[in-house]
Amino acid sequence: GRRPALDHLAEDSTAGESQTYELSYPPKSKTAAAVPFQQPSTLLTFSYTPERVLEFTDSALRYYVDPPLRAELKYGYERWIKRPEEKGRLDGLLKAVLKYRSRVDAGGADGAAWLRDIAVVSWRGVMTKILTAPYEDRDGWELNVMLVDGTLYLEEHTSNEKLVEKEYMEPRHRLFSYFGYSFESYCTSSHPDRREVHAEGRSHPFGWGGDVDTNVQWCAVVKTKLGDQRLVIGGEVDCVRERFKGSTDTLVELKTSMTIRGPQDEAKFEKKLLKFYFQSFLLGVPEIVVGFRTPQGQISTTQSFKTIQIPRMVRGKPHAWDPSICLDWGHRFLQFLKSTLASQTNALRERSVWRARFSPGSGVTLSPLDDSGVAEVEAGEDRVGFLPKWYVDELKG
Ligand code: A3P
Ligand code: MG
Ligand code: MG
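Residues numbered from 1 in each chain as written. Chains lettered and ligands numbered in written order. Predicted model: local features only at pLDDT ≥ 70, side-chain atom pairs only at ≥ 80, totals over all residues. Heavy atoms only, no water.

Draft legend 1. Looking closely at the packing of aromatic side chains. Overall, the coordinates contain 25 aromatic pairs when judged by the stated rule. When the centroid spacing of 5.8 Å and the interplanar angle of 45° are considered together, the rings of tryptophan 80 and tyrosine 181 count as tilted. Of the two residues, tryptophan 80 is situated in the loop between strand 5 (63–64) and helix 1 (91–106) and tyrosine 181 in helix 5 (residues 171–187); the sequence distance between them amounts to 101 residues. Given the relative accessible area of 29%, tyrosine 181 is considered partly exposed. A connected cluster of aromatic rings, assembled from ring pairs, spans Phe37, Tyr277, Phe278, Phe281 and Trp321. Over the ring of tyrosine 48 we find arginine 52; its NZ or CZ atom is 3.7 Å from the centre of that ring. Positioned above the aromatic ring of phenylalanine 176, the side-chain terminus of arginine 293 is 4.9 Å from the ring centre. (Phe/Tyr/Trp six-rings, centres within 6.5 Å; stacked < 30°, edge-to-face > 60°. Helix = DSSP H or I, 4+ residues; strand = E, 2+ residues; numbered from the N terminus. Buried < 20%, exposed > 50% of the residue type's maximum accessible area, 1.4 Å probe, protein only. Lys NZ or Arg CZ within 6 Å of the ring centre and 35° of its normal.)

As structure tokens, then:
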């Protein structure tokens, strides 16, 4: 096959069909050329109901309220309705993409042409993993990759073993995970100007926003641009400051973190800010409210951060990170995926699912899945690779 014209790219085709392409680990010592990132704008929003039904409404939207002093995060743990762990399917996002495309058509423009112009469709969590890889020294990841009509689709690959592992979380980790959702409850209300009002006869701690049901989510789908690549990204948004009229200006991300007791904790927190930063940056969320908690789960203080100011806070520190390194890497990574997949012969293109593997300290490999790999991704469902058949049919129809 033809070699994609990219730096740092090696093709190892010794094993005949099982080609593996490599992209070397991003250098973080030197400064990167600034790849521009366009301010994201909202295409549409949607909600998941308690029954986990996706609807194009803002029924799951929550409004920010200051949490009560010394909120106890363990409250309500035994009533947590926990959404089962699932594979990182794109289905909900793809439904939204089709919805938006039909709106483009209805507006008299060409929806199909709009979609062909999109380089990448993925969830925000996937994009965050990609962009923060230069500073990730612990956790690897795997993506399933498809190129359809010039658009890359990226989903996180979760093996069945890993899914089971995630579902049976250690009790302590399960509780810590609950703390994050509990904080969201204390910080939000379903009404714009007042705290949640509970049904008569239910007594809850002051400021409780309602029992946690992680099936319920409010999501935004945005378009943005990384260098020359147009991206459509979907992700959950925790709440808004004011009435939502479609702008990202009022979106708020909520986070919990351990109270900082010394320089070591501070360094750990500043390292964590990299993920907080990109998670919010990618959707254009301008504000992150962090609740600092004790190990037992009591909020001690909250602090609001302006997303765009976060890189400045860590600059010059020993454990500093530089977002331009991440953007440069992300741009090169996406280019690598696209040029590698686009340069394949037809025979290989038909076996159309690829696996990208990131290993901290070594880099990324990319190889086509064989038939059993594709079968695992399709999981016996009505899919073309990992894309639902209804989506692919709609593109072709
Ligand atoms: P915290 O981030 O405050 O700990 P998000 O912050 O993205 O809105 O996610 C809400 C909460 O989901 C997190 O709150 C955390 O408790 C939980 N969570 C997110 N990712 C997780 C993971 N990989 N494992 C366990 N819990 C997770
Ligand atoms: Mg969230
Ligand atoms: Mg959050």
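Having seen the structure, we can now continue with the description.
Draft legend 2. Structural context of the site of ligand 1. In the vicinity of ligand 1, the contacting residues are Phe176, Ser177, Gly180, Tyr181, Glu184, Asp238, Glu253, Leu254, Lys255, Thr256 and Gln279. In this structure, tyrosine 181 approaches ligand 1 through a side-chain N or O atom, which is 3.0 Å from an oxygen atom. Within the contact set of ligand 1, an oxygen atom lies 3.1 Å away from a side-chain nitrogen or oxygen of glutamate 253. Relative to its free-state accessible area of 530 Å², ligand 1 is covered by the protein chains to the extent of 61%. When residues of the shell around ligand 1 are traced back to their parent elements, those giving at least two are helix 5 and strand 13 (251–258). Here the shell around ligand 1 gets 5 residues from one element, more than from any other, and that element is helix 5. Counted by class, the shell around ligand 1 contains 3 nonpolar, 4 polar and 4 charged residues. (Near = heavy atom within 4 Å. Polar contact = N/O pair within 3.5 Å; in protein donor to acceptor, adjacent residues only side chain to side chain. Areas by Shrake-Rupley, 256 points an atom, 1.4 Å probe, with all protein chains shown as cover. Nonpolar A, V, L, I, M, F, W, Y, C, P; charged D, E, K, R; others polar.)

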